[in-house]
Amino acid sequence: MPEIDEKTMVEIEAAAFRTLRDHLMNKRPDVQNIDMMNLAGFCRNCLSRWVQEAAGERGIEMSKDEARELYYGMPYDDWKTQSQTEASPEKQAAFEKAFAENVGKELKE
């Protein structure tokens with residue numbers, strides 16, 4: 001493995017995150033958050049929450065809505081209207097289980 005200084009590593013990781021965000025938002029907006037959570041244990045909302053948590057660790061206050069708008073590039077409700085489809089009861093039940101297992105809290109939305 002090449003020797004990489006810390007600043008360069010942060011830049012590489014940030015670039016990878018931006019590529020993941022672009023992939024999910026622009027190349028695969030058809031992939032539903034519920035399917036991502038059910039299969040992988042995280043979704044776009046998790047990514048926005050991780051942005052919010054990282055900001056908080058650096059003393060930057062950011063609400064959930066602000067983090068989502070930063071991640072989605074628009075208000076979350078606008079994105080839901082544009083991209084989210086109705087989930088079956090089976091998918092919703094699987095999501096509640098996956099959310100509890102991976103996020104560790106009850107779903108409050």
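Structure: see above.
Remember, it's a predicted structure, so these values are computed and weren't measured experimentally.

> How would you sum up the overall build of the protein? Please name residues and give values.
A tally of regular secondary structure across the protein gives six helices and zero strands. Along its sequence from the N terminus, the protein presents helices and strands in the succession α-α-α-α-α-α. With the C-alpha coordinates aligned to their principal axes, the bounding extent of the protein is approximately 50 × 30 × 30 Å. Put simply, of all contacts in the protein between residues at least 6 apart along the chain, 51% involve residues at least 24 apart. For the protein, the computed accessible surface area is about 7,800 Å², with 53% contributed by carbon and sulfur atoms. If you average the places of the 15 positive and of the 22 negative side-chain charges in the protein, the two averages end up 2 Å apart.

> Report on the nonpolar core, specifying residues and quantitative values.
Formed by 17 residues in total, the largest nonpolar core has its most connected members in Met 37, Tyr 71 and Tyr 72. Taken together, the elements giving at least two residues each to this core come down to helix 1 (6-27), helix 2 (33-40), helix 3 (44-57), helix 4 (64-72), helix 5 (76-83) and helix 6 (89-102). If near-sequence neighbours (up to four positions away) are discounted, Met 37 is found in contact with Phe 42, Cys 43, Cys 46, Phe 95, Ala 98, Phe 99, Asn 102 and Val 103.

> Quick rundown of the packing of helix 1 against helix 4? Include the residues and the values.
Two numbers describe how helix 1 lies on helix 4: the axes approach to 10 Å, and their chain directions differ by 80°. On the basis of the axis angle, helix 1 is roughly perpendicular to helix 4. Taken together, the residues of helix 4 that come into contact with helix 1 (itself represented by Phe 17, Arg 21, Leu 24 and Met 25) are Leu 70, Tyr 71 and Tyr 72. Looking at the contact of helix 1 with helix 4, its residues break down into six nonpolar, no polar and one charged.

> If you had to explain helix 5 to someone new, which residues and values would you point to?
Within the span of helix 5, buried status applies to Tyr 76, Trp 79 and Ser 83. Across the axial projection of helix 5, the buried residues extend over an arc of 60°, all falling on one side. Opposite the buried face of helix 5, at more than 90 degrees from it, the exposed residues are Asp 77 and Thr 81.

The rules behind each value
Residues numbered from 1 in each chain as written. Predicted model: local features only at pLDDT ≥ 70, side-chain atom pairs only at ≥ 80, totals over all residues. Heavy atoms only, no water. Helix = DSSP H or I, 4+ residues; strand = E, 2+ residues; numbered from the N terminus. Contact = heavy atoms within 4.5 Å. Areas by Shrake-Rupley, 256 points an atom, 1.4 Å probe, with all protein chains shown as cover. Lys, Arg positive; Asp, Glu negative; His and termini not counted. Charge placed at Lys NZ, Arg CZ, Asp CG, Glu CD. Core = buried A, V, L, I, M, F, W, Y, C linked by side-chain atoms within 4.5 Å. Buried < 20%, exposed > 50% of the residue type's maximum accessible area, 1.4 Å probe, protein only. Axes fitted to C-alpha atoms, helices over the stretch in contact; angles between N-to-C directions. Parallel < 35°, antiparallel > 145°, perpendicular 65-115°, else oblique. Nonpolar A, V, L, I, M, F, W, Y, C, P; charged D, E, K, R; others polar. Arc of directions from axis to C-beta.

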